[in-house]
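What follows is each chain in one-letter form.
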Amino acid sequence: MIGLLQRVKQARVDVAGQTIGQIGPGLLLLVCAEPGDSETQADKLLAKILKLRIFSDEAGKMNRSLQDIGGGLLVVSQFTLAADVSGGNRPSFSGAAPADQGRRLYDYLLQRAREQHHQVASGEFGADMQVSLVNDGPVTIPLRID
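Since we're looking at a predicted model, the values are computed, not measured. (Residues numbered from 1 in each chain as written. Predicted model: local features only at pLDDT ≥ 70, side-chain atom pairs only at ≥ 80, totals over all residues. Heavy atoms only, no water.)

Details of the pairing of strand 1 (residues 2-15)
1) Next: The element strand 1 is largely enclosed, with a buried count of ten among its 14 residues.
2) Next: Sheet topology note: the strand 1/strand 3 (residues 26-32) ladder contains seven bridges and is antiparallel. The partner of Arg7 across the bridge, within strand 3, is Leu27.
3) Next: Where strand 1 meets strand 8 (residues 129-144), 13 bridges bridge the pair, whose relative direction is antiparallel. Residue pairing for strand 8: Val8 is matched across the bridge by Asn135.
4) Next: With five bridges connecting them, strand 1 and strand 2 (residues 18-23) associate as antiparallel partners. (Buried < 20%, exposed > 50% of the residue type's maximum accessible area, 1.4 Å probe, protein only. Helix = DSSP H or I, 4+ residues; strand = E, 2+ residues; numbered from the N terminus. Pairing = 2+ DSSP bridges.)

As structure tokens, then:
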């Protein structure tokens, strides 16, 4: 499972001109399931995200997690994270899980996130989304869970 995590001051996702998910300070997770992924990878990814110490403490060091600060989590599906551009100028997305598997794992990740964290918002799987964010830092961390 591939994730791109961004620490944000705020983030939102719009579909057809309507805001469907938004958070204040916290994390924006762009996520892509790969063909061999299962609930195990989704659980590992979520555990890492909730406990990753990338928020500043009183001394200005990255020493606090999302759970420590009580921030929001915005989860957005993005199959383009699996892009392969090694063969030319047009990306191949064959590294992304088939849509039914991707949707199932995305829904599972959201369900588990909502069980474990108090503030979770989401995009809409497969929709044409516009994602807006104010990156904090900037802090952007790529994640790959096997």
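There is more to say, and it comes next.
With respect to helix 3 (residues 99-116)
1) Next: Between the first and last C-alpha of helix 3 there are 26 Å, a value that for 18 residues agrees with the 26 Å anticipated at 1.5 Å per step.
2) Next: Considered for burial, the residues of helix 3 that qualify are Gln101, Gly102, Leu105, Tyr106, Tyr108, Leu109, Leu110 and Ala113. (Expected span 1.5 Å × (residues − 1).)

Some points on helix 1 (residues 39-51)
1) Next: With 13 residues, helix 1 should cover 18 Å at 1.5 Å per step; its first-to-last C-alpha distance of 18 Å lies within 8% of that length.
2) Next: Buried within helix 1 are the following residues: Gln41, Ala42, Leu45, Leu46, Ile49 and Leu50. Down the axis of helix 1, the sector holding all buried residues measures 160°, keeping them to one side.
3) Next: Buried residues along helix 1 sit against strand 1, strand 3, helix 2 (66-69), strand 6 (72-77), helix 3 and strand 8. (Arc of directions from axis to C-beta. Contact = heavy atoms within 4.5 Å.)

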